[in-house]
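# Structural overview
Each chain, written out:
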Amino acid sequence: MIQVFLGHSGGLDTDGNELPRLIYVSREKRPGFQHHKKAGAMNALIRVSAVLTNGAYLLNVDCDHYFNNSKAIKEAMCFLMDPAYGKKCCYVQFPQRFDGIDLHDRYANRNIVFFDINLKGLDGIQGPVYVGTGCCFNRQALYGYDPVLTEEDLQPNIIVKSCCGSRKKGKNSKKYSYDQKRRGISRSDSNAPLFNMDDIDEGFEGYDDDRSILMSQKSVEKRFGQSPVFIAATFMEQGGIPPTTNPATLLKEAIHVISCGYEDKTEWGKEIGWIYGSVTEDILTGFKMHARGWMSIYCNPPRPAFKGSAPINLSDRLNQVLRWALGSIEILLSRHCPIWYGYTGRLRLLERLAYINTIVYPITALPLIAYCILPAFCLITDKFIIPEISNYASIWFILLFISIAVTGILELRWSGVSIEDWWRNEQFWVIGGTSAHLFAVFQGLLKVLAGIDTNFTVTSKASDEDGDFAELYIFKWTALLIPPTTVLVVNMIGIVAGVSYAINSGYQSWGPLFGKLFFALWVIAHLYPFLKGLLGRQNRTPTIVIVWSVLLASIFSLLWVRINPFVSVTPAANPNAVPGGVF
């Protein structure tokens, strides 16, 4: 269904200028067809908008976000319409800002460290990753065209320069000859687009014989689908539609390009448009653009461009993180994994490392769980978490910890992120790592290796109209709560067992105990927001959590008794004394 609210002869504003087009689109869905969720919807919108209006730029804003800055588009256009930079800029990404979050941001919903440190740092390499909303696109980049790069852009980055030296090119040398282009098109490398933007002039009427040789009609239809009107629109770099076009014909063609079977046997979702294959289609789509050599821009105006709502409830927040982590695992196990994909393109080394970090982070849940359980294990077994090491090795450890601390301080001062926001991020990294990330690893393996798919659910978002953050205190049971609860209970049992053992062993055991207690308390401090989420507003623990805690306490009590039996002492010298022992 396509509903045109403002068309060619739409309303006028107070100055007599024609208002922008306003069109509602609902794509066709039928049983038996794969619709690809949000990515499929975005690709349908690309095509129908190209047929009806063909704007040179697209803005992607989620339905739970709104405009907070009327000049946001102008901010993006300063980059996208720049004569030099615009032809190599694929999108301008704005940070996400949220309303309705509690004052202390208990579950790190604002993602301040990610938006104000990570993305800001990537802006100095090849640009920030695409985060799924608040992003203004160059339409040509979504069509799979190559950017127009300068000689400086083609030089290797500073790390490659220092190792291999920079590449030298003659002044009169050309990037490609016509024959080289034709040979390049015949390659099976999926990174290389079928054609280069250098070959495309403004308007479809400039489609001359040379370009006809470069791209046959069959190859174009295989890439974009069987729609002459849409294919013609892809050649118009500056956008727009011919003035003599019949609106009725355009509407009929628009219905055709959003039909269920239009994408069959085409490159949609594979090389052009939003890329399929992951629930986090945003990371995958941005990665494909960067692999072709495009640059992106991080735009952070003083007044936030867009604002939205976030899931402030613990269970909803964990389900959101689970979906993100599952998408990363899907990319990790796919052919588009940044570890091995795109080496024939122009993806910079540091940008590749950033993408690798973006997709491998859920795997850190496995060692994280081990490290969170280890303090309790040491307390119960009376073993210390850190073995004895030499003074020389201690210096290396101290230097490592100092370097990590200095790096964190420099990042905070450079970005303006507060200590509280940084600490909230650290806390939720542990909470998410011991729950959502762990589940994502196993779900991703089941989905990719065994074909067992998981249901996709849209994250529930809260709207704090009353201002009391009632949604924050609602307890919703989910299996994601089991691992963090287990870690909490085990460390609490370990603290009790360690203190009991120290009391029975005498004062000489209190020194090593403090070192063990520090690590256990450090784990509990990271999980403190999770503990508050379990208690709710009334600070009453849900029954299911109590039952689980009692069960774990019983198990570990039995284990502790087995590991630490009665400590016998020498019988008293007095023959009248009752021989025995002390527990």
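Residues numbered from 1 in each chain as written. Predicted model: local features only at pLDDT ≥ 70, side-chain atom pairs only at ≥ 80, totals over all residues. Heavy atoms only, no water.

## Focus: the overall build of the protein chain
Helix and strand counts for the protein chain come out as 22 helices and 9 strands. In the protein chain, which comprises 583 residues, the share counted as buried stands at 43%. Look at the contacts in the protein chain between residues 6 or more apart in sequence, and 79% of them connect residues 24 or more apart. (Helix = DSSP H or I, 4+ residues; strand = E, 2+ residues; numbered from the N terminus. Buried < 20%, exposed > 50% of the residue type's maximum accessible area, 1.4 Å probe, protein only. Contact = heavy atoms within 4.5 Å.)

## Topic: the pattern of salt bridges
According to the stated counting rule, one finds 11 salt bridges in the structure shown. As a salt-bridge pair, Glu-263 and Arg-47 come within 2.8 Å of each other at their nearest N and O atoms. Taken together, the residues Glu-263 in the loop between helix H11 (247-257) and helix H12 (281-291) and Arg-47 in helix H1 (residues 37-52) connect sequence positions 216 residues apart. A relative accessible area of 16% places Glu-263 in the buried class. On the basis of relative accessible area, Arg-47 is assigned to the buried category, the value being 2%. A salt bridge links Lys-447 to Glu-330, with the shortest nitrogen-to-oxygen separation between them at 2.4 Å. (Salt bridge = Lys/Arg side-chain N within 4 Å of Asp/Glu carboxyl O.)

## Observations regarding the packing of helix H15 (residues 365-381) against helix H17 (residues 419-433)
The geometry of a pair of packed helices is captured by two quantities: the angle between their axes and the separation between those axes. Viewed as axis vectors pointing N to C, H15 and H17 meet at an angle of 100°, and their least axial separation amounts to 9 Å. Between H15 and H17, the crossing angle belongs to the class labelled roughly perpendicular. Seen from H15, the contacting residues are Ala-365, Leu-368 and Cys-372; seen from H17, they are Trp-429, Val-430 and Gly-433. In terms of residue class, the contact of H15 with H17 is made up of 5 nonpolar, 1 polar and no charged. (Axes fitted to C-alpha atoms, helices over the stretch in contact; angles between N-to-C directions. Parallel < 35°, antiparallel > 145°, perpendicular 65-115°, else oblique. Nonpolar A, V, L, I, M, F, W, Y, C, P; charged D, E, K, R; others polar.)

## Details of unusual backbone geometry
One non-glycine residue, Asn-54, lies in positive phi territory at about 55°. Of note, Asn-54 is situated in the loop between H1 and strand S3 (57-60). Despite not being glycine, Lys-265 shows a phi value in the positive range, around 60°. If you trace the backbone, Lys-265 turns up in the loop between H11 and H12. Residue class for Lys-265 comes out exposed when judged on its relative accessible area of 77%.

## Thoughts on the packing of aromatic side chains
In total, this model carries 21 aromatic pairs according to the counting rule given. Ring centres of Tyr-91 and Tyr-130 lie 6.0 Å apart, and the angle between their planes is 55°; this geometry places the pair in the tilted category. Of this pair, Tyr-91 sits in strand S5 (residues 89-93) while Tyr-130 is found in the loop between helix H3 (112-122) and strand S7 (135-138), placing the two residues 39 residues apart along the sequence. We classify Tyr-91 as buried; its relative accessible area is 0%. On the accessibility criterion, Tyr-130 (0% relative accessible area) is buried. With a centroid separation of 5.5 Å and an interplanar angle of 85°, the aromatic rings of Phe-94 and Phe-306 are classed as edge-to-face. Residue Phe-94 is found in the loop between S5 and strand S6 (97-99), and its partner Phe-306 is found in strand S9 (residues 306-309); the two are separated by 212 residues along the sequence. For the pair Phe-94 and Phe-306, one class covers both residues: buried. Three or more aromatic residues joined by ring pairs make a cluster, and in this case those are Tyr-143, Tyr-145, Phe-224, Phe-230 and Trp-268. (Phe/Tyr/Trp six-rings, centres within 6.5 Å; stacked < 30°, edge-to-face > 60°.)

## Quick look at the sheet that holds strand S8 (residues 295-298)
Spatial strand order, S3-S7-S5-S8: 4 strands in an open sheet with mixed pairing. Across the chains shown, the open sheet's two edge strands, defined by having one partner strand only, are S3 and S8. Adjacent strand axes in the sheet meet at a mean angle of 20° when their direction is disregarded. Across 4 bridges, S5 lies against S8 in parallel orientation. Its bridge partner lying in S8, Gln-93 is registered against Tyr-298. (Pairing = 2+ DSSP bridges.)

## Description of the UniProt feature "binding site: UDP-alpha-D-glucose" (unreviewed entry) in the protein chain
Within the UniProt annotation, "binding site: UDP-alpha-D-glucose" (unreviewed entry) is assigned to Lys-37. With respect to the secondary-structure elements, Lys-37 resides in helix H1. (UniProt positions renumbered as here; feature names shortened; annotations may be inferred.)

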